[in-house]
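Read off the chains here:
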Amino acid sequence: MKKEPVRFGIVGLKRGLCALSLLREDNVLLTAVCDSDPAALAAAKETIRSELAACGKTQEVGYFSSYEELLRTDVEAVYIANYATEHVPLVIQALEAGKHVISEIPTVDTLEEARALKAAVAAHPELKYMAGENCCYWAFIQAWKQMYREGKLGQAVYAEAEYLHCADWRSMKPENYPREHWRFDHPAIKYLTHSLGPLLDILDDHCVSVSCMVPDVKYNPYRDKPKTGVALFKTAKGAVIRILIGFDAYVGMDHNYYVMGTRGTLETDRTAPLETASTYAKFADVPGTYYNKLEIPLHLSFPGESTAGHGGADHKMLMDFIRCIQEDTRPPLDVDAGIRMSLPGIIAHESSLRGGELLTIPEL
Ligand SMILES: NC(=O)c1ccc[n+]([C@@H]2O[C@H](COP(=O)([O-])OP(=O)(O)OC[C@H]3O[C@@H](n4cnc5c(N)ncnc54)[C@H](O)[C@@H]3O)[C@@H](O)[C@H]2O)c1
């Protein structure tokens, strides 16, 4: 058991700033941050200074525009939150420099990257690699997982999840986003880990084949790519999973989940905002749930927990990573889990390019 605080670094100071919640913890010391964009680095410097002052801490933080420089410091663990399609090269660099890694999602952008990531993690058994899928840390997802593992639903037959997140297309003008951005430019179905990740975690399963379709309807006049994808997966245990990712039509912002087992169902309430949506359930063992659904008051966080940072999930995920380093345990979302939640999106995208052809998802 490591007693000293873990020296922690961040690369990518937009989403990466969610890790500033760690400043309030005594077992973590933020020692280095990095962004190649001078404006992002300067803005982060201001934010970090005021956050440190707010928690009464005085530690030295190194500010770097070069990732290589950050890796040359005595930082022990790095949170990789750079561009969505460029995580793997930075992860491999960190592992080769002897640093533990938590990587933002999608964990991999290509099949070749998945192979390279798996090999790099295997080459460094002394280091931790964790996939940073925060939605797996939502309280209702963790409770569904426990209920499923206890057998309350029987065996999964079908599950579905949706991530819907449109932006006002007027903000997507090329001058506002001079380079590609995950939300506007990448194939939507490749951004499926917030949906597929929690389902696979609940079901303890993985996808073996996929057929995916992408609508031809285009909404944003500034971006040429349709940003909605619908994929049907078959899993190793024989269930079917449907995933819908929609970034362009007017869908607002929502996540929906549904699990159907041989002895019951669990679903989120589509009529309520995510923050307040309860779970609705039917159980063969609970009288009265043949026609009616049982409302279970499960939300993003458990009662009394902080709701900051995606309903408290960001902080719980980061603290799990820190705990794995201190206690020398395997991260719950390890490299296999990370690949199993991202690779299906890559193959689904391939399927959509081939008109929905059923494709096998390689097992690595
Ligand atoms: N889990 C979640 O809820 C969640 C939410 C938002 C974003 N994300 C993920 O986080 C990642 C970042 O998202 P974002 O919206 O902040 O993206 P972004 O593209 O807006 O920002 C990325 C930042 O990383 C910096 N950067 C890129 N390459 C770098 C390098 N080699 N060295 C130093 N800095 C570098 C850029 O300058 C930029 O400031 C993406 O993978 C995204 O998918 C996850």
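See the structure above.
Residues numbered from 1 in each chain as written. Predicted model: local features only at pLDDT ≥ 70, side-chain atom pairs only at ≥ 80, totals over all residues. Heavy atoms only, no water.

(A) Looking closely at the overall build of the protein. Of the regular secondary structure elements, the protein holds eight helices and 15 strands. The C-alpha radius of gyration computed for the protein amounts to 21 Å, which stays within 12% of the reference 21 Å derived for 364 residues, consistent with globular compactness. Based on the C-alpha atoms only, the size of the protein along its principal axes is roughly 60 × 45 × 40 Å. Scored against the burial criterion, the 364 residues of the protein give a buried share of 55%. (Helix = DSSP H or I, 4+ residues; strand = E, 2+ residues; numbered from the N terminus. Rg over C-alpha atoms; globule rule 2.2 N^0.38 Å. Buried < 20%, exposed > 50% of the residue type's maximum accessible area, 1.4 Å probe, protein only.)

(B) Broad picture of the sheet that holds strand β4 (residues 77–80). Pairing in this open sheet of six strands is parallel, and the strands run β3-β2-β1-β4-β5-β6 from one edge to the other. Strands at the two margins of the open sheet, each flanked by one partner only, are β3 (62–64) and β6 (129–131). For this sheet the average axis-to-axis angle between neighbouring strands, irrespective of direction, equals 20°. Relative to β6, strand β5 (residues 100–103) runs parallel, the two sharing three bridges. (Pairing = 2+ DSSP bridges. Axes fitted to C-alpha atoms, helices over the stretch in contact; angles between N-to-C directions.)

(C) Geometry of the packing of helix α4 (residues 111–122) against helix α8 (residues 335–353). Here α4 crosses α8 at 175°, and the two axes come no closer than 10 Å. As judged from the angle between their axes, α4 and α8 are roughly antiparallel. Residue-level inspection shows L111, A114, L117, K118 and V121 of α4 in contact with α8, the latter providing V335, D336, I339, L343 and I346. In the contact of α4 with α8, the residues fall into eight nonpolar, no polar and two charged. (Parallel < 35°, antiparallel > 145°, perpendicular 65-115°, else oblique. Contact = heavy atoms within 4.5 Å. Nonpolar A, V, L, I, M, F, W, Y, C, P; charged D, E, K, R; others polar.)

(D) Examining the nonpolar core more closely. With 110 residues, the main nonpolar core has F8, Y67, F233 and I243 as its most contacted residues. Counting the residues that make up this core, at least three belong to each of domain 1 (6–135 + 312–333) and domain 2 (138–310 + 342–360). Filtering out sequence-adjacent residues up to four positions away, Y67 remains in contact with V11, C34, V78, I80, L90, Q93 and A94. (Core = buried A, V, L, I, M, F, W, Y, C linked by side-chain atoms within 4.5 Å. Domains from an automatic or database assignment.)

(E) Representation of the site of the ligand in the model. Lining the immediate surroundings of the ligand are 23 residues, of which D35, H87, I105, W182 and Y191 lie closest. Contact between the ligand and S36: a nitrogen atom at 3.0 Å from a main-chain N or O atom of the residue. Taken by itself the ligand offers 850 Å² of open surface, and the protein chains cover 89% of this. Its residues assigned to classes, the shell around the ligand comprises 10 nonpolar, eight polar and five charged. Residue assignment places the shell around the ligand across two domains, with domain 1 (6–135 + 312–333) and domain 2 (138–310 + 342–360) each supplying three or more. (Near = heavy atom within 4 Å. Polar contact = N/O pair within 3.5 Å; in protein donor to acceptor, adjacent residues only side chain to side chain. Areas by Shrake-Rupley, 256 points an atom, 1.4 Å probe, with all protein chains shown as cover.)

(F) Main features of the sheet that holds strand β10 (residues 240–246). Spatially, β14-β13-β12-β11-β7-β10-β9-β8-β15 is the arrangement adopted by the nine strands of the open sheet, whose pairing is mixed. At either end of the open sheet lies a strand with only one pairing partner, and these are β14 (294–296) and β15 (359–360). Two strands pair when backbone bridges link them, and strand β7 (residues 156–165) and strand β11 (residues 253–261) are joined in this way by nine bridges, in the antiparallel orientation. The residue bridging A161 from the neighbouring strand is Y257, located in β11.

(G) Quick look at the side chain of E133. By the secondary structure assignment, E133 is in the loop between β6 and α5 (139–149). We note that E133 is buried and unpaired, the nearest opposite charge coming from R15 at a distance of 7.5 Å. When sequence neighbours within four positions are dropped, the list of residues in contact with E133 reads I105, T193, H194, M317, L333 and M341. (Lys, Arg positive; Asp, Glu negative; His and termini not counted. Salt bridge = Lys/Arg side-chain N within 4 Å of Asp/Glu carboxyl O.)

(H) Structural view of the pairing of β10. The buried fraction of β10 is high, at six of seven residues. Here β7 pairs with β10 via seven bridges, running parallel. Across the sheet, the residue bridging to E160 is R242, located in β10. Pairing of strand β9 (residues 228–235) with β10 involves seven bridges; the strand directions are antiparallel. Bridge pairing in β10 places T228 opposite G246. Hairpin connection from β9 to β10: four residues lie between these consecutive antiparallel strands, with G238 at a positive phi of about 95°.

(I) Quick look at the packing of aromatic side chains. Evaluation of the coordinates by the stated rule reveals 11 aromatic pairs. Here the aromatic rings of Y163 and Y191 are separated by 6.2 Å at their centres, their planes lie at 35°, and the arrangement is tilted. Here the residue Y163 occupies a position in strand β7, and Y191 occupies one in the loop between β7 and α6 (193–203), the gap between them amounting to 28 residues. Y163 gets classed as buried once you look at its relative accessible area, which sits at 4%. Every member of this aromatic cluster is reached through a ring pair, and the members are W138, F140, W144 and Y257. Over the ring of Y63 we find K45, and its NZ or CZ is 5.1 Å from the ring centre. (Phe/Tyr/Trp six-rings, centres within 6.5 Å; stacked < 30°, edge-to-face > 60°. Lys NZ or Arg CZ within 6 Å of the ring centre and 35° of its normal.)

(J) α5, seen in detail. Those residues of α5 that fall on the buried side of the exposure criterion are A139, F140, I141, A143, W144, M147 and Y148. G151 lies just past α5 and shows a positive phi near 90°.

(K) Geometry of the pattern of salt bridges. If you walk through the whole model with that rule in mind, you get 23 salt bridges. With its nearest N and O atoms 3.2 Å apart, the salt bridge here joins K145 to D201. One end of the pair, K145, is in helix α5; the other, D201, is in helix α6, and 56 residues separate them in sequence. For K145, a relative accessible area of 25% translates into the label partly exposed. A salt bridge links R340 to E363; its shortest N-O distance comes to 3.1 Å.

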